Amino acid sequence: SGFGAGINYSVFSGVVEEKAAACRAVASYAHSCPEAFAPFVAAFAPTLSAMADHMHDVVRAQAHAALARLAQCALRAAPLPGTAHLSHLASVPDASPAFDVVDA
């Protein structure tokens, strides 16, 4: 085996930070204006899903948090049948620590 055999190298670059920032932006849009962003959920979901498997953990974490925000956005835009009595929960702050990553 040669030099570096079996070792994976990755470079943390500006592109990685830009991808993480893009995930944060999408999550912010989905969270802050769900009615306006709802028509775009289907367009962003495949890209964020692909980024959820990115080699850099910062991108993966932001992509996962953004996917959760997309799911919340979709549910607010089209609530499940029989859940109208829960509409008051839309104003309840997010309790999950997962959103600390994306909301920072």
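On a predicted model such as this, the values are computed, not experimentally measured, just so you know.

A. Representation of the packing of helix α1 (residues 14–32) against helix α3 (residues 41–51) within the structure. One can describe the packing of α1 onto α3 by two numbers: an axis separation of 12 Å at closest approach and a directional angle of 140 degrees. When the axes of α1 and α3 are compared, the pair comes out oblique. Read as a crossing pair, α1 and α3 show a hand that is left-handed. Of α3, the residues touching α1 (which contributes Lys19, Cys23 and Val26) are Phe44, Leu48 and Met51. Its residues assigned to classes, the contact of α1 with α3 comprises 5 nonpolar, no polar and 1 charged.

B. Just the environment of Val16, in detail. Inspection of the secondary structure puts Val16 in helix α1. Linking Val16 and His54, residues 38 residues apart in sequence, is a C-alpha distance of 9.4 Å.

C. Seen up close, the pattern of salt bridges. Taken as a whole and judged by the stated rule, the model has 1 salt bridge. Where Arg24 meets Glu17, a salt bridge forms, and the shortest distance between an N and an O atom there is 3.0 Å. The exposure class assigned to Glu17 is partly exposed, which follows from its relative accessible area of 34%.

The rules behind each value
Residues numbered from 1 in each chain as written. Predicted model: local features only at pLDDT ≥ 70, side-chain atom pairs only at ≥ 80, totals over all residues. Heavy atoms only, no water. Axes fitted to C-alpha atoms, helices over the stretch in contact; angles between N-to-C directions. Helix = DSSP H or I, 4+ residues; strand = E, 2+ residues; numbered from the N terminus. Parallel < 35°, antiparallel > 145°, perpendicular 65-115°, else oblique. Left-handed = near helix turned anticlockwise from the far one by under 90°. Contact = heavy atoms within 4.5 Å. Nonpolar A, V, L, I, M, F, W, Y, C, P; charged D, E, K, R; others polar. Salt bridge = Lys/Arg side-chain N within 4 Å of Asp/Glu carboxyl O. Buried < 20%, exposed > 50% of the residue type's maximum accessible area, 1.4 Å probe, protein only.

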